[in-house]
There are 2 protein chains.
Amino acid sequence: MSTQPSSVRPVLIGGDWRAAQALHGHFRAEDPAQGVAIGPEFPVSGAADVQAALAAAVAVADELAAMPPERIAAFLDSYADAIDADVDTLVALAHAETALPKEPRLAKVELPRTSGQLRQAAQAVRSYAWTQPVIDTVAGLRAHYAPLAKPVLVFGPNNFPFAFNAIAGSDFASAIAARNPVIAKAHPSHPATSERLAQLAHTALRQAGLPAAAVQMLYHFDHALGAALAGDARLGAIGFTGSRAGGLALKAAADAAGVPAYVELSSVNPVFLLPGVLAERGTALAQEFFASCTMGSGQFCTNPGIVVVPNGAAGDAFVEAATAHFAAAAPNVLFSRGVQEHLERSLATLRAAGATCLTGGASAGPGYRFQPTLLSVDAETFLREPRALQTEAFGPVGLLLRATDAAQMAELARAFEGNLTGTLYGARDSSDDAAWAHIAHALRPRVGRLIGNKMPTGVAVSPAMNHGGPYPSTGHPGFTAVGMPAAIRRFAALHSYDNVPEPQLPTELRDHNPGGVARLIDGHWCIDDIGNHGDHKE
Amino acid sequence: MSTQPSSVRPVLIGGDWRAAQALHGHFRAEDPAQGVAIGPEFPVSGAADVQAALAAAVAVADELAAMPPERIAAFLDSYADAIDADVDTLVALAHAETALPKEPRLAKVELPRTSGQLRQAAQAVRSYAWTQPVIDTVAGLRAHYAPLAKPVLVFGPNNFPFAFNAIAGSDFASAIAARNPVIAKAHPSHPATSERLAQLAHTALRQAGLPAAAVQMLYHFDHALGAALAGDARLGAIGFTGSRAGGLALKAAADAAGVPAYVELSSVNPVFLLPGVLAERGTALAQEFFASCTMGSGQFCTNPGIVVVPNGAAGDAFVEAATAHFAAAAPNVLFSRGVQEHLERSLATLRAAGATCLTGGASAGPGYRFQPTLLSVDAETFLREPRALQTEAFGPVGLLLRATDAAQMAELARAFEGNLTGTLYGARDSSDDAAWAHIAHALRPRVGRLIGNKMPTGVAVSPAMNHGGPYPSTGHPGFTAVGMPAAIRRFAALHSYDNVPEPQLPTELRDHNPGGVARLIDGHWCIDDIGNHGDHKE
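These numbers were taken from a predicted model, which means no experiment stands behind them. (Residues numbered from 1 in each chain as written. Chains lettered and ligands numbered in written order. Predicted model: local features only at pLDDT ≥ 70, side-chain atom pairs only at ≥ 80, totals over all residues. Heavy atoms only, no water.)

Q: Would you explain the domain arrangement of chain A in this entry?
A: Think of interface size as the accessible area that goes away when the parts come together; that is how it is often given. All names here are of chain A. Taken domain by domain, chain A comprises domain 1 (11-264), domain 2 (271-452) and domain 3 (505-538). Distance between the C-alpha centres of domain 1 and domain 2: 33 Å. If you look at the interface, domain 1 gives 15 residues, while domain 2 gives 16 residues. Of the roughly 1300 Å² buried at the junction of domain 1 and domain 2 (both faces included), carbon and sulfur atoms supply 57%. Of all residues in domain 1, Pro32, Asn158 and Asn159 give up the largest surface area on contact with domain 2, accounting jointly for 33% of the area buried on that side. At the boundary of domain 1 with domain 2, the tally comes to one salt bridge. A salt bridge links Glu417 to Arg244; the nearest nitrogen and oxygen atoms lie 3.2 Å apart. Scanning the region where domain 1 abuts domain 2 turns up five residue pairs in polar contact (both at pLDDT 80 or more). Split by residue class, the side of domain 1 that touches domain 2 holds five nonpolar, six polar and four charged. (Domains from an automatic or database assignment. Contact = heavy atoms within 4.5 Å. Buried area = accessible area lost by both parts, 1.4 Å probe. Salt bridge = Lys/Arg side-chain N within 4 Å of Asp/Glu carboxyl O. Polar contact = N/O pair within 3.5 Å; in protein donor to acceptor, adjacent residues only side chain to side chain. Nonpolar A, V, L, I, M, F, W, Y, C, P; charged D, E, K, R; others polar.)

See below:
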């Protein structure tokens, strides 16, 4: 603990950029391609900052919950515009801190996705779609989803400096759309990117006239402080995307305090290649798998970590082609030394459990690089050590799982833990259909998103997306972290009104429909106003 | 642990009524009006029964998840018919074990509500309403809620022998509607009622051709076994209604294993009487409050446990009239000695924290009775000891909380923990409107259901009901335990299909709408089939 040197960047608390109090240290970002520190010093916050942010958020929670939806939507839209207008600076900062490609990834894919996501949240706010109004005129009951009216604590991950950033990503947009204050915990691997986003958010917030403490940001604090904050009953919820160990520690703290914890943890995203499709286009699939598994240096939640390949000539040809792709590729830059070390440990676990290395397998330099790596294991070994062999290797690493036939592929499907995604590839003719149905039946309850004939790395921001899945891929099987309006509902409470006079009801539950949202009225979905039915009061 | 005597009733495991294995003891029901044991001996199950039930449920979970919805609906309907046809026997058993009145409560209210709830669940199954289909034809994504495909463990409470019974109530109906096997843990205070219901369920299950282990029942097991079972990762979810201590212990075990725990705990259900309505009809309100607070001997989750009454003449008159009602009433029969002892402890806590007793306050005989009891406390004392003075007194006990004025009533509203309900009474003229808005704003985020001008004890089975609320009234603010189809969603997983060929999709996500359910298609709710849009695949 020390006094903050004047060169350390300020934190955003209570509506102001102010010096961190009683800070626990400071840190700099790194250029992971070279392994050298870059940019200014950022603070590691102590308890004083954390408590100040929490108190400020609690103090404005009721006011924010009562804000007109239009003002929330205006903030989200103008923040999105500001992000789009700042593309050059944001992309330069994020590229320097993550080594992710400026184009297409950062400038053409992730940044537009981020601003688009904020706009979709704004649209859900204006249409009231996330509130799901239900009206029973006979019983005199009306219900909808409403703000928690408590702060939401969001932890951003290392792998999306924009789209999952704690101050700009899906959790942020969702929590704000539900009119809850957000305390953003930026990821320390891209602090300057987060600072720039927070500056844009701060300006947009003031312009929209929202409470100043509705959006706050800290750069870093230690695990103990994080757990203490996550377990504070004044919180409404936490959103977390990151490692399994970190997420489970926060979830345990939150659970004990009755705070819903939406944690997105790890996933190996099994891919099943059926015999027919391998015979049909195995070589093309090897290229497709290689591209998906090494995109973003393999640092995706939905990276295809395990590919189930039947034995036989077509399977062998796929393995040979895939191995050649991985072997020919240069080492990939990872986000940090921490990611590199974690990947080394994961690989050691997989090998100790019986996986053999076909190509790659080692760290490289300069900076934090890792060889594109392909491992292989047979079904019997996997079924003997299912837990260790499902260790997530966060990086450009794939494990090929060889099966005797389609029947064994279904047995393997049943051995998987909860995953975000599960993928099947089948032949264009109907030769794989029976096996598809059989394996899909086994795989379906174990994954959040079942994918056909394409790799899992693309996550569309759609109302029909599920970026979630059974434990331990996330903490709850009923919610998605991506896709409006569904993702908003994580940060909402169900509110029923029983025999409450119409003028005292929220706008979207009154007789007049404010428009845009279909309401379930007496068992029928409709967008009409309530006419004569409106007088049903006990 | 002992061998089961032949006179001990069997448990329902794996489709058969069979002798409990390695049982931990046995018990009999009691007539709480006289405090004497009645009926046969029922087993206290040991680990062997618990593990056998879990294994049997796991073994049929996939099969049940794949069942045609019509067969599930047929089971729910025929079970409902069987309950209606068995009214005389069921009511006689429940009356003997609970001392609840045969009429109207058991025969005319609770039993029809129970069969009606099963039929509403059947209707939600047939219409697919609980699955909430969402289709994005442009992105090629389709999503809905689907079975957990894992067993659901349901703990029934003591206070609703039918409507919340683990083998017949809302949790049971919801979990089965979502095509999950149920392991019912009956409440030991009404074992013969539960046995009779389980017999009816068993017969209906066989007639419907559902897997025999889809419905199982144990009568009793100790806390340690309950926690071990709730914390078994093979479970899909737990549903619990009961005491705070019991529910939180089960929730902690479930949380640690990643098992969603839907626990309905305790609630004091604050009622705010505004100055205008007290002047208008304070005497009538005193009668209304007395009736609600002592109905069912006050053993309701939504019992009005705290009434906030302004100081002044009208408030004093209300207190005087209410006290007279409570003082004139005979002692109420409670469910058990355990309830009686718990109530004595709760009262001691309230008194120690500063509440004074206006009338009643003591246990009585024969059996397990308690005097209708009214306590009073001033606002300053309450705000000094808010936690102790919100102790739930489960029985015919009300606490009057005296406030200086409407402004202080809003301050008091903010001091309440999460509750199932919060109620406001206002004058028929507009004299209370401003105070109403002010207090409702403070109370709204702290309760699941906001009620106007009636007591909270009625819980309609409606799609717009919320029988839930913020922690610690329940474990999650986003779910209701009552009301179809919403209650079903607790036991469902979100499933997305990404680029999956149409014939491999679940019925309600295919281009042809099976009918009955409105689907969100490309941002619009509609009941139409998908026409030319159906070919959008990547």
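Q: I keep staring at the interface of chain A and chain B and nothing clicks. Help me out?
A: In this complex, chain A contributes 61 residues to the contact, which on the side of chain B involves 62 residues. Between chain A and chain B the total buried area reaches about 5000 Å² when both faces are included, carbon and sulfur atoms providing 55% of it. If you sort the residues of chain A by the area they bury against chain B, Ala464, Leu494 and Asp498 of chain A come out on top, with a joint share of 11%. For the pair chain A and chain B, the number of links is four salt bridges. Arg449 of chain A serves as the salt-bridge partner of Asp498 of chain B, at 2.5 Å between the closest nitrogen and oxygen. Elements with a contribution of two residues or more to the side of chain A that touches chain B: strand E5 (134-136), strand E6 (141-147), helix H8 (244-256), helix H14 (433-443), strand E21 (447-452) and strand E22 (492-498) of chain A. A per-element tally of the side of chain A that touches chain B places E22 of chain A first, with seven residues. Residue classes in the side of chain A that touches chain B are distributed as 33 nonpolar, 15 polar and 13 charged. Sheet analysis places E21 of chain A next to strand E22 (residues 492-498) of chain B, joined by three bridges and oriented parallel. (Helix = DSSP H or I, 4+ residues; strand = E, 2+ residues; numbered from the N terminus. Pairing = 2+ DSSP bridges.)

Q: Mind showing me how you'd approach the sheet that holds strand E18 (residues 373-378) of chain A here?
A: Strand pairs in the sheet, formed through backbone hydrogen bonds, run parallel or antiparallel to each other. The 12 strands are arranged E15(A)-E18(A)-E19(A)-E13(A)-E12(A)-E20(A)-E21(A)-E22(B)-E6(B)-E5(B)-E23(B)-E24(B) in an open sheet whose pairing can be described as mixed. Each edge of the open sheet is held by one strand with a lone partner, namely strand E15 (356-359) of chain A together with strand E24 (524-526) of chain B. Direction aside, the axes of adjacent strands within the sheet are offset by 25° on average. As judged from the three bridges shared by strand E5 (residues 134-136) of chain B and strand E6 (residues 141-147) of chain B, these two strands associate in the antiparallel manner. Opposite Ile135 of chain B, over in E6 of chain B, you have Arg142 of chain B as the bridge partner. Sitting on the sheet, helix H10 (residues 313-328) of chain A is in contact with strand E12 (271-273), strand E13 (306-310), E15, E18 and strand E19 (397-403) of chain A, with an inclination near 170° to E19 of chain A. (Axes fitted to C-alpha atoms, helices over the stretch in contact; angles between N-to-C directions.)

Q: I would appreciate a short explanation of the UniProt feature "domain: Aldehyde dehydrogenase" (unreviewed entry) in chain A in the present structure.
A: The UniProt record annotates "domain: Aldehyde dehydrogenase" (unreviewed entry) at residues 20-469 of chain A. What you have in residues 20-469 of chain A is 44% helix and 20% strand, and the ends, taken at the C-alpha atoms, are 37 Å apart. (UniProt positions renumbered as here; feature names shortened; annotations may be inferred.)

Q: What is the right way to look at the relation of the copies chain A and chain B in this model?
A: Both copies of the chain are related by one operation, a rotation about an axis with a shift along it. Superposition record for chain A on chain B: RMSD 0.0 Å, screw rotation 180°, translation along axis 0.0 Å. Classification of the inter-copy transformation places it as that of a two-fold axis. When each C-alpha of chain A is compared by its distance to the rotation axis, Asp255 of chain A comes out closest, at 3.3 Å. Of the interface residues in chain A, 100% have counterparts in chain B that sit at the interface too, so the contact is made through matching surfaces. (Least-squares fit on C-alpha atoms with pLDDT ≥ 70 in both.)

Q: Could you clarify how one ought to interpret the environment of Ile176 of chain A in this entry?
A: Residue and element names in this part refer to chain A. Mapped onto the elements, Ile176 comes out in helix H5 (residues 170-177). On a C-alpha basis, the gap between Ile176 and Leu76 in space is 8.3 Å, while along the polypeptide they are 100 residues apart. If we skip the residues at most four places from it in the chain, Ile176 touches Ile72, Phe75, Leu76, Val182, Ala214 and Val215.

Q: Help me understand the sheet that holds strand E24 (residues 524-526) of chain A, please; the structure alone is not making it clear to me.
A: On the basis of which strands lie adjacent, the open sheet formed by 12 strands has the order E24(A)-E23(A)-E5(A)-E6(A)-E22(A)-E21(B)-E20(B)-E12(B)-E13(B)-E19(B)-E18(B)-E15(B) and mixed pairing. This sheet does not close on itself; its edge strands, each paired only once, are E24 of chain A together with strand E15 (356-359) of chain B. Pairwise comparison of adjacent strand axes, ignoring direction, gives a mean angle of 25° for this sheet. Judged from the six bridges that link them, strand E18 (residues 373-378) of chain B and strand E19 (residues 397-403) of chain B form a sheet pairing that is parallel. Residue pairing in the sheet places Ser376 of chain B in a bridge with Leu400 of chain B of E19 of chain B. Across the sheet, helix H10 (residues 313-328) of chain B lies against strand E12 (271-273), strand E13 (306-310), E15, E18 and E19 of chain B, angled at about 170° from E19 of chain B, the strand it touches most.

Q: Any chance you could explain the pairing of E19 of chain B here in plain terms?
A: Looking down a regular strand, the side chains alternate between one sheet face and the other. All names here are of chain B. For E19, a buried count of seven out of seven residues is recorded, marking the element as mostly surrounded by other parts of the structure. Residues of E19 alternate between two faces, with Val397, Leu399, Leu401 and Ala403 on one and Gly398, Leu400 and Arg402 on the opposite face, all of them buried. Crossover handedness for the path E18 to helix H12 (residues 379-384) to E19: right-handed. (Buried < 20%, exposed > 50% of the residue type's maximum accessible area, 1.4 Å probe, protein only. Right-handed = clockwise from strand over helix to strand, strands pointing away.)

Q: How should I be thinking about the packing of aromatic side chains in this particular structure?
A: The geometry of an aromatic ring pair is captured by the separation of the ring centres together with the interplanar angle, meaning the angle of the planes. One pass over the full model with this rule turns up 34 aromatic pairs over all chains. Consider the rings of Phe160 of chain A and Phe164 of chain A, whose centres lie 5.0 Å apart with planes at 55°: the pair is tilted. Phe164 of chain A matches Phe160 of chain A in its accessibility class, with the two residues each being buried. Ring geometry for Phe382 of chain A against Phe416 of chain A: centres 5.3 Å apart, planes inclined by 45°, an arrangement best described as tilted. Pair noted here: Phe382 of chain A is in helix H12 (residues 379-384) and Phe416 of chain A is in the loop between helix H13 (406-414) and strand E20 (419-425), with a separation of 34 residues, a long-range link. Phe416 of chain A matches Phe382 of chain A in its accessibility class, with the two residues each being buried. Put simply, the rings of Tyr262, Phe479 and Phe491 of chain A together with Tyr262, Phe479 and Phe491 of chain B pair up and form one aromatic cluster. When the ring centre of Tyr497 of chain A is taken as origin, the NZ or CZ atom of Arg444 of chain B, which lies over that ring, is 4.5 Å away. (Phe/Tyr/Trp six-rings, centres within 6.5 Å; stacked < 30°, edge-to-face > 60°. Lys NZ or Arg CZ within 6 Å of the ring centre and 35° of its normal.)

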